[in-house]
Amino acid sequence: MLTNDKRPKERYRVYIAGPMTIGDSFSHVRTALELAEDLWYWGYAPFVPHMNFAWHLVYPKSHEEWLDYDFNWLRLCDCVVRLPGDSVGADLEVAEAKRLGIPVILDDYGDELEDKLDSLVQQNFSERNET
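Residues numbered from 1 in each chain as written. Predicted model: local features only at pLDDT ≥ 70, side-chain atom pairs only at ≥ 80, totals over all residues. Heavy atoms only, no water.

(A) Representation of the layout of surface pockets in the model. Volume-wise, the largest pocket comes out at about 430 Å³. In terms of lining, the largest pocket is formed by 21 residues, of which the most central are Met20, Thr21, His63, Trp66 and Asp70. Mapped by element, the contributors of at least two residues to the lining of the largest pocket are helix H2 (52–58), helix H3 (63–74) and helix H4 (88–100). When the residues that make up the lining of the largest pocket are grouped by side-chain class, the tally is 8 nonpolar, 10 polar and 3 charged. (1 Å grid on protein atoms, 1.4 Å probe; cavity = no way out; pocket = protein on both sides within 12 Å on 5 of 7 lines; lining within 4 Å. Points joined across faces, edges and corners; volume = space filled by probe spheres on them. Helix = DSSP H or I, 4+ residues; strand = E, 2+ residues; numbered from the N terminus. Nonpolar A, V, L, I, M, F, W, Y, C, P; charged D, E, K, R; others polar.)

This is the structure in structure tokens:
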């Protein structure tokens with residue numbers, strides 16, 4: 001979204017953490033992309049590490065290498081949304097986010113997610129303006 005002066009609008013950056021390799025990878029990618037599309041529509045800038053799936057098909061890397069890559073992006077995000085499902089990687093991403101003080105929302109992909117994010121954004125922007 002561009003502002004009137006043609007500069008990109010600053011969006012709240014949301015990291016999507018969730019299952020990838022346990023179970024149906026294609027289904028996990030789709031779920032993450034459905035959330036990303038909603039986040040974009042709501043005015044957020046989602047980061048979807050599940051998109052590395054395509055990169056991995058062409059240039060495979062170890063799980064540790066992908067986590068290292070993901071953690072570098074995670075550090076730049078304003079919050080993390082954790083999709084449901086078993087995932088060692090997503091659990092490590094959540095732990096890293098908490099260690100860095102990045103808020104984590106555990107999502108069952110219910111109707112309240114947009115409200116949770118809006119509340120978090122308001123809280124964070126209030127805190128930023130106080131300092």
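Text resumes after the structure shown.
(B) Quick look at a negative patch on the surface. Where like charges cluster on the molecular surface, the negative patch consists of Asp111, Glu112, Asp115 and Asp118. Judged by its relative accessible area of 34%, aspartate 118 is partly exposed. (Patch = residues over 30% accessible without salt bridge, like charges linked within 9 Å, V, L, I, M, F, W, Y side chains within 5 Å. Areas by Shrake-Rupley, 256 points an atom, 1.4 Å probe, with all protein chains shown as cover. Salt bridge = Lys/Arg side-chain N within 4 Å of Asp/Glu carboxyl O. Lys, Arg positive; Asp, Glu negative; His and termini not counted. Charge placed at Lys NZ, Arg CZ, Asp CG, Glu CD. Buried < 20%, exposed > 50% of the residue type's maximum accessible area, 1.4 Å probe, protein only.)

(C) Broad picture of the nonpolar core. One finds Val14, Ile16 and Leu117 to be the most contacted residues of the largest nonpolar core, which totals 17 residues. Those elements that place two or more of their residues in this core are strand E1 (13–17), helix H1 (25–42), strand E3 (79–82) and helix H5 (113–130). In this view, isoleucine 16 contacts Ala32, Leu35, Ala36, Leu39, Pro46, Phe47, Val48, Pro49, His50, Val81 and Leu83; residues no more than four positions away in its chain are not counted. By size, the runner-up hydrophobic cluster in this structure holds 11 residues, among which are Ala17, Leu67, Cys77 and Ile102. (Core = buried A, V, L, I, M, F, W, Y, C linked by side-chain atoms within 4.5 Å. Contact = heavy atoms within 4.5 Å.)

(D) Region of interest: the pairing of E3. Both faces of E3 are covered, namely the face carrying Cys79 and Val81 and the face carrying Val80 and Arg82. As judged from the 4 bridges shared by E1 and E3, these two strands associate in the parallel manner. Across the sheet, the residue bridging to isoleucine 16 is valine 81, located in E3. The pairing of E3 with strand E4 (residues 104–106) spans 3 bridges and is classified as parallel. Note that in E4 the partner of valine 81 across the bridge is isoleucine 105. A crossover connection joins E3 to the parallel E4 through H4; in handedness this β-α-β unit is right-handed. (Pairing = 2+ DSSP bridges. Right-handed = clockwise from strand over helix to strand, strands pointing away.)

(E) Structural view of H4. If you check H4, its first and last C-alpha atoms are 18 Å apart, about what 13 residues at 1.5 Å a residue would give, namely 18 Å. Restricting attention to buried positions, one finds in H4 the residues Gly89, Ala90, Glu93, Val94, Glu96 and Ala97. Relative to the axis of H4, the buried residues are bounded by an arc of 165° and lie together on one face. Turned more than 90 degrees away from the buried face of H4, the exposed residues are Val88, Lys98 and Arg99. (Expected span 1.5 Å × (residues − 1). Arc of directions from axis to C-beta.)

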